[in-house]
Amino acid sequence: SDVYKRQPSQVARLESWKSDPAPAIGPAWVMSQPTLRVRDVLTKSWRSSEENDKVMAEIALVVKTESLNPRTSRIHYELLTPAGSNAAIGYKDVTLDMRREDTLRFLASIPKNLLWSDELPTRYTLRLRTQHEGRYGEYIEAKMGFRTLEQRNGMLLLNGEPVTLRTVGVAPYAQPQELASLRELGYNTLRVKAGAEVPGFYETCDELGLLV
């Protein structure tokens, strides 16, 4: 077949370490995940009709297993305020059969003055632990902000208040220093050009108070 007669070989770049002083491919990493793992974390926030000074936040944990047999595991969660106090704490048990996944949800009440915004990018800390037959398998810690975003009468409302989008275009490979400089210039919204973002791009935006 002509496929096998091509020169150079399609895998030549992967074998460049044999002759070149530096690899010809980009950075690579390998990750080994436990049999039961938290595949994703999703959040949703909405204003409470009963308490105008509070927002209800839902944290959804997508849990997946690669086990071939049914197994019951426990997911511990802890949501910490910026001051380090508990906004929510507890655990949920989940039973999954062969290579299935399910979503666990818990709620937290967030004071309006601790919501994320472009002017005050407040973030909570979420800590997760997976446990099976008494053994802990996975530890996760992530920063996250809670906010509501809606349109009303032609206005964009962030946490119920009108917000003006001061937009600037950036390349997807923009570094944290560049994003911080744009924030200091008064921009609060990024229009990201086509391409793959560098690792940590959205984390930096979240930390700086930048909408995307």
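Numbering of residues begins from 1 in every chain and follows the order in which that chain's sequence is written. In keeping with the predicted nature of the model, local features appear solely for residues at pLDDT of at least 70, side-chain atom pairs appear and are counted solely at 80 or more, and the whole-chain, interface and lining totals rest on all residues. Side-chain measures here rest on the full set of heavy atoms in the structure, leaving out hydrogens and waters.

**Student:** How should I be thinking about the pairing of strand β9 (residues 155–158) in this particular structure?
**Tutor:** Both faces of the sheet carry side chains from a regular strand, because those side chains alternate between them. Inspection of the sheet shows strand β8 (residues 149–152) paired to β9 by four bridges, in the antiparallel sense. Considered in β9, the bridge of Gln151 is made with Leu156. As consecutive antiparallel partners, β8 and β9 are separated by two residues, and within that stretch Asn153 has a phi angle of approximately 55°, a positive value. Between the end of β9 and the start of strand β10 (residues 161–162), which pair antiparallel, lie two residues, with Asn159 showing a positive phi angle near 60°. Paired strands, as defined in this entry, are two strands with at least two bridges between them according to DSSP. Strands are runs of DSSP state E lasting at least 2 residues, helices are runs of H or I lasting at least 4, and numbering of each runs from the N terminus.

**Student:** Help me understand the environment of Glu207 in this model?
**Tutor:** Assignment of secondary structure puts Glu207 in helix α2 (residues 201–208). Sequence spacing of Glu207 and Arg123 is 84 residues, and the spatial spacing of their C-alpha atoms is 7.8 Å. The contact criterion used is simple: two residues touch if any of their non-hydrogen atoms lie within 4.5 Å. In contact with Glu207, not counting residues within four places along its chain, are Pro121 and Arg123.

**Student:** Please clarify how the pattern of salt bridges should be interpreted in this entry.
**Tutor:** It is possible for side chains bearing opposite charge to pair when their charged atoms get close. Criterion for a salt bridge: a side-chain nitrogen of Lys or Arg within 4 Å of a carboxyl oxygen of Asp or Glu. Inspection of every chain in the model, using the stated rule, returns 12 salt bridges. When the shortest N-O distance is used, the salt bridge between Asp206 and Arg123 registers 3.8 Å. Of the two residues, Asp206 sits in helix α2 while Arg123 sits in the loop between β5 (101–111) and β6 (124–132), which places them 83 residues apart along the sequence. Classification of residues uses two cut-offs on accessible area relative to the type maximum, computed with a 1.4 Å probe and protein chains only: under 20% is buried, over 50% is exposed, and between them is partly exposed. Take Asp206: its relative accessible area is 22%, and that puts it in the partly exposed class. Between Glu133 and Arg135 there is a salt bridge; the shortest N-O distance is 3.9 Å. Residue class for Arg135 comes out exposed when judged on its relative accessible area of 54%. Put simply, Arg47, Glu150 and Arg152 are held in one network by salt bridges that share partners.

**Student:** What is the right way to look at the packing of aromatic side chains in this model?
**Tutor:** Two numbers describe a pair of aromatic rings. These are the distance of the centres and the angle of the planes. Here a Phe, Tyr or Trp ring, Trp counted by its six-membered ring, pairs with any other such ring whose centre lies within 6.5 Å, and the pair is stacked when the planes are under 30 degrees apart, edge-to-face when over 60, and tilted otherwise. The final tally for this structure, using the stated rule, is four aromatic pairs. Between Tyr124 and Phe146 the ring centres are 5.5 Å apart and the planes differ by 75°, which places this aromatic pair in the edge-to-face class. Of the two residues, Tyr124 is situated in strand β6 and Phe146 in the loop between β7 (135–144) and β8; the sequence distance between them amounts to 22 residues. The residues Tyr124 and Phe146 share a single accessibility class, namely buried.

**Student:** Teacher, can you tell me more about the nonpolar core here?
**Tutor:** If you look at soluble globular proteins, the nonpolar side chains tend to sit buried side by side. Take the buried Ala, Val, Leu, Ile, Met, Phe, Trp, Tyr and Cys residues and link them wherever side-chain atoms come within 4.5 Å; each set so joined is a nonpolar core. Among the nonpolar cores identified, the biggest contains 23 residues, and Ile59, Leu61, Val63, Leu79, Leu126 and Phe146 are the most heavily contacted of them. Of all the elements in the fold, those that place two or more residues in this core are β1 (36–47), β2 (54–65), β3 (71–80), β4 (86–96), β5 and β6. If one sorts the elements of this core by residue count, β2 sits on top with five residues. Membership of the second largest hydrophobic core comes to nine residues, among which are Ala174, Leu182, Phe201 and Leu210.

**Student:** How should the side chain of Arg123 be read in this particular structure?
**Tutor:** The exposure class of Arg123 is buried, given its relative accessible area of 14%. Setting aside chain neighbours within four positions, we find Arg123 in contact with Pro82, Trp116, Lys143, Met144, Gly145, Glu203, Asp206 and Glu207.

**Student:** Could you clarify how one ought to interpret the packing of helix α1 (residues 176–184) against α2 in this entry?
**Tutor:** The description of two packed helices rests on the angle between their axes and on the distance between the axes. Put simply, α1 and α2 touch, their axes get as near as 10 Å, and they point 30° apart. Between α1 and α2, the angle falls in the class roughly parallel. Of the two elements, α1 crosses α2, and the hand of that crossing is right-handed. Of α2, the residues touching α1 (which contributes Pro176, Leu179, Ala180 and Arg183) are Phe201, Thr204, Cys205 and Leu208. Basically, the charged four are Asp, Glu, Lys and Arg, the nonpolar ten are Ala, Val, Leu, Ile, Met, Phe, Trp, Tyr, Cys and Pro, and anything else, Gly included, counts as polar. Class assignment for the residues of the contact of α1 with α2 results in six nonpolar, one polar and one charged. Fitted lines through C-alpha atoms give the axes, limited to the stretch in contact for helices. The angle between two N-to-C directions lies from 0 to 180 degrees. Should an angle fall under 35 degrees it is taken as roughly parallel, and over 145 as roughly antiparallel, whereas 65 to 115 is taken as roughly perpendicular and any remaining angle as oblique. Should the near helix be turned counterclockwise from the far one by less than a right angle, the crossing is left-handed, whereas a clockwise turn marks it as right-handed.

**Student:** Would you mind going over the sheet that holds β5 with me for this structure?
**Tutor:** Two pairing modes exist for strands in a sheet, parallel and antiparallel, and in both the strands are linked by backbone hydrogen bonds. Pairing is antiparallel in the open sheet, where three strands are placed in the order β1-β2-β5. Of all the strands in the sheet, just β1 and β5 have a single pairing partner and so form its edges. Recorded for the sheet is a direction-independent mean angle of 20° between the axes of neighbouring strands. Looking at chain direction, β1 and β2 are connected through 11 bridges and run antiparallel. Paired with Arg37 across the strands is Lys64, a residue of β2.

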